[in-house]
Amino acid sequence: MQRFHVTTFGCQMNVHDSERIKGMLEAAGMGEAPDSEQANVLVFNTCTIRERADDRLIQALNVARGRKEREPDLQIVVAGCWAESVRDDIFRDFPWVDAAVGPGRIGALRDVMNADATSERGAFGSFDDFAADLPKRRERSHQAWLQLSMGCNSVCSYCIVPSVRGRERSRNVREILAEANQLASEGVTEVVLLGQNVNSYGRDLAPDARCTFAELLRAIDAIDGIDRIRFMSPHPKDMRGDVIAAMAESPSVCNQLHLPLQSGSSRILKRMRRTYDSERYLELVARVREAMPDVALTTDIIVGFPGETEEDFQETLRVYDEAAFDHAYTFIYSARNGTEAAGFDEQLPDDLKHERLGRLVDLVQDHAARRNTALIGSIQEVLSEGPSRKDPEICRGKTRGNKTTLFTPAAPVGTVVSVRIEDSTSQTLRGQVVSAVTV
Ligand code: SAH
Ligand code: SF4
Ligand code: F3S
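Only a predicted model underlies this, so the values are computations on that prediction, with no experimental measurement involved.

## A short note on the overall build of the protein chain
The helix and strand inventory of the protein chain stands at 13 helices and 19 strands. Here the C-alpha radius of gyration of the protein chain, 22 Å, is about what a compact globule of 439 residues would show, namely 22 Å. Along the three orthogonal principal directions, the C-alpha set of the protein chain runs to about 65 × 55 × 50 Å. Looking at the protein chain as a whole, 55% of its 439 residues are labelled buried. A separation threshold of at least 6 residues defines the contact pool for the protein chain, and within that pool the share at least 24 residues apart is 70%. On the protein chain, roughly 19300 Å² of surface is accessible, and the fraction owed to carbon and sulfur atoms is 49%.

Right, here's the structure in full:
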């Protein structure tokens, strides 16, 4: 029997795409190998967001090449955004790769894997294949991804995503709600809505099928059994009053928001083509906090964008302080081929970028520690993810604000418990169960 192993790089989109890849391979009669060593089909689902993502993947492909020299029957398949970015060159530059698909063509995976001398080993572009109805394999029985849209219509000057995932296409609302109901009937209690820009959902739908993101949040909230709704990533430009109201008024929507800032300098934001300035972003944060005082707010920030001065960077620190985020993903700017910003003058030297990142990370940790300390003494509703990695006696789980919490006594995976928070670090909360809420 053929046994596959999928290695996933990149974001939640790819994690979700990997579920489809696994589902499709299983539907084709293959089984998942317990580890890559025991697999005879290696699938790499790839990312190309930063240069480092490319480097890691190329390293992994080189290891696979060594194995293929010893085991010529090994099949090597590459999917995802990096595959799309190199397209057919992949077979010239990495001749040991047998088949490849871009993120819009996952549905063609079996065809390219079965290709013979007369058919194509690669399928790219043509982002019309929604692939949402392909078989899927979920890792956790109580949690699921739910895809709202594909692609992105923004033109952020640093970003390669629009060129590898195509223009934005929203899924039909009936299809989304049918999937949400199906998930609920299978016992899923938490869904994470996915899209490159979730809150522009629906703009491209035909007038008779139109639905906004806010309406969709309310409709999913109304489904029995789904108790936690999260989404990522919204764009600040589309975070309007109706979305904030839907979040605040829907009991199942978690008190959590990941709202990418990218830079605190309005001058840099303009060059990034983000279409908001720091003032508008901070006003938005104030409105969100007013509607949801206990919201946990996280963000993405890029340091070292071309032309970023010390003053620009200071603005980022200032806005970060004022927004008082719970956490942030921080990135060093990486020039991507074909993006507008890669052509800008004034690319900054690496040591300066690293030095700024270090200062930003200190501030991020400082706020994270403070925000978590403020929760000591509170009671949090925690969804158990089972025993912690280090100690089977201690369980880990997530609060509604998406904070990792370690607690005792243990509670089975998927159950919800009330935990009194007794201690915290910048990364985790710790506490004792005071009562089980639901099973
Ligand atoms: N569509 C989502 C996610 C995009 S990728 C959004 O807009 O929020 C995730 C993050 O990677 C981005 O938010 C950005 O902070 C970072 N990123 C994207 N391109 C980058 C680049 N060229 N260099 C460094 N970080 C980048
Ligand atoms: Fe990239 Fe901007 Fe689209 Fe996000 S919104 S995927 S950062 S172009
Ligand atoms: Fe995601 Fe990376 Fe593609 S961040 S959209 S897998 S380039």
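## A word on the site of ligand 2
Ligand 2 sits among Cys152, Ser154, Cys156, Tyr158, Cys159, Val161, Pro162, Gln196, His235 and Arg274. Of the residues belonging to the shell around ligand 2, the class tally is six nonpolar, three polar and one charged.

## Description of the environment of cysteine 156
Its location among the elements puts cysteine 156 in the loop between strand 8 (149-150) and helix 6 (161-165). By relative accessible area, which is 11% here, cysteine 156 ends up buried. Through-space distance from the C-alpha of cysteine 156 to that of valine 434 is 46 Å; in sequence the pair is 278 residues apart. Every residue in contact with cysteine 156, bar those within four places of it in the chain, is listed here: Met272, Arg273 and Arg274.

## Observations concerning the pattern of salt bridges
Close approach of charged atoms allows side chains with opposite charge to pair. The full count for this structure, using the stated rule, is 42 salt bridges. Close ionic contact of arginine 228 with glutamate 381 constitutes a salt bridge, the shortest N to O distance being 3.5 Å. One end of the pair, arginine 228, is in strand 11 (residues 228-232); the other, glutamate 381, is in strand 15 (residues 379-387), with 153 residues separating them in the sequence. The buried category is assigned to arginine 228, whose relative accessible area is 1%. Here the salt bridges share partners, and the residues they tie into one network are Glu190, Asp227, Arg228, Arg230, Glu381 and Arg400.

## Quick word on the site of ligand 1
Surveying the vicinity of ligand 1 reveals 14 residues, the closest of which are Tyr158, Gln196, Gln262, Asp300 and Ser334. One of the side-chain nitrogen or oxygen atoms of arginine 50 is found 3.1 Å away from an oxygen atom of ligand 1. A distance of 2.7 Å is found between an oxygen atom of ligand 1 and a side-chain nitrogen or oxygen belonging to aspartate 300. Starting from 540 Å² of accessible surface for ligand 1 in isolation, the protein chains cover 88%. Among the secondary structure elements, those contributing two or more residues to the shell around ligand 1 are strand 13 (296-303) and strand 14 (327-332). Taken together, the residues that form the shell around ligand 1 break down as seven nonpolar, four polar and three charged.

## Some details on the packing of aromatic side chains
Taken as a whole and assessed by the stated rule, the structure comprises nine aromatic pairs. Taking 5.3 Å as the distance between ring centres and 75° as the angle between the ring planes, the aromatic pair formed by tryptophan 82 and phenylalanine 94 counts as edge-to-face. Taken together, the residues tryptophan 82 in helix 3 (residues 81-86) and phenylalanine 94 in the loop between helix 4 (89-93) and strand 5 (99-101) connect sequence positions 12 residues apart. Grouping residues by exposure puts tryptophan 82 and phenylalanine 94 together as buried. Here the aromatic rings of phenylalanine 213 and phenylalanine 231 are separated by 5.0 Å at their centres, their planes lie at 80°, and the arrangement is edge-to-face. Here phenylalanine 213 is found in helix 8 (residues 213-221), whereas its partner phenylalanine 231 is found in strand 11, with 18 residues between them in sequence. For the pair formed by phenylalanine 213 and phenylalanine 231, the shared burial category is buried.

Calculation rules
- Residues numbered from 1 in each chain as written.
- Chains lettered and ligands numbered in written order.
- Predicted model: local features only at pLDDT ≥ 70, side-chain atom pairs only at ≥ 80, totals over all residues.
- Heavy atoms only, no water.
- Helix = DSSP H or I, 4+ residues; strand = E, 2+ residues; numbered from the N terminus.
- Rg over C-alpha atoms; globule rule 2.2 N^0.38 Å.
- Buried < 20%, exposed > 50% of the residue type's maximum accessible area, 1.4 Å probe, protein only.
- Contact = heavy atoms within 4.5 Å.
- Areas by Shrake-Rupley, 256 points an atom, 1.4 Å probe, with all protein chains shown as cover.
- Near = heavy atom within 4 Å.
- Nonpolar A, V, L, I, M, F, W, Y, C, P; charged D, E, K, R; others polar.
- Salt bridge = Lys/Arg side-chain N within 4 Å of Asp/Glu carboxyl O.
- Polar contact = N/O pair within 3.5 Å; in protein donor to acceptor, adjacent residues only side chain to side chain.
- Phe/Tyr/Trp six-rings, centres within 6.5 Å; stacked < 30°, edge-to-face > 60°.

Function cannot be inferred from these measures alone, as they are strictly geometric.
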